[in-house]
Amino acid sequence: MTGERRFDREAGPVVRPYTMTRGRTRASGAPFDLLTPVVATGAPRRGLPAEYVSILDACRAPLPVVELAGRTGLAVGVLRVLLGDLRESGLIVVPPPPSPSAPSGMPHEQVLRHLLAALRAL
């Protein structure tokens, strides 16, 4: 197959996931949970590969890893490795989780609404 390139008519050249991660299977630093929110820092990003740019474009506001995978079309394992690279470069951050309860000790209304929506989805 020397000189041959594999193409998908609609997607263009086929790129194997391991080439995007250079064979790595784990993110550097702390692992990313599926519900871990990530947000782009807005730092300059010239010269980045297209996969990194699409991640940064998608997470201008905090977005969970699982939603980011859906928006970018990247496999979660690949996305976690690329997110580790972006975090190491200072191009994304993981915002601190919001406090789960109000000062009165009662859960925030937003937490209750999210829980209710999840129960309805069952």
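Residues numbered from 1 in each chain as written. Predicted model: local features only at pLDDT ≥ 70, side-chain atom pairs only at ≥ 80, totals over all residues. Heavy atoms only, no water.

J.: Would you mind going over the pattern of salt bridges with me for this structure?
T.: Side chains that differ in charge, positive against negative, can pair when their charged atoms come close. A complete count under the given rule lists 2 salt bridges for this structure. When the shortest N-O distance is used, the salt bridge between R60 and D57 registers 3.2 Å. Residue classification places R60 among the exposed positions, given a relative accessible area of 60%. Across the pair E67 and R71 runs a salt bridge, and its minimum N-O distance is 3.0 Å. Taken together, the residues span about one helical turn, with E67 and R71 both in helix α3 (residues 65-72) at a distance of 4 residues. By relative accessible area, E67 is classed as partly exposed at 35%. (Salt bridge = Lys/Arg side-chain N within 4 Å of Asp/Glu carboxyl O. Buried < 20%, exposed > 50% of the residue type's maximum accessible area, 1.4 Å probe, protein only. Helix = DSSP H or I, 4+ residues; strand = E, 2+ residues; numbered from the N terminus.)

J.: Hey, could you run me through helix α2 (residues 50-58) in this one?
T.: Residues spaced three or four apart along an α-helix point in a common direction, a consequence of the helix completing one turn every 3.6 residues. Y52, I55 and L56 are the residues of α2 that are buried. Along α2, the residues classed as buried sweep out an arc of 95 degrees about the axis, all on the same side. Elements in contact with the buried residues of α2: β3 (37-40), α3, α4 (76-88) and β5 (92-93). (Arc of directions from axis to C-beta. Contact = heavy atoms within 4.5 Å.)

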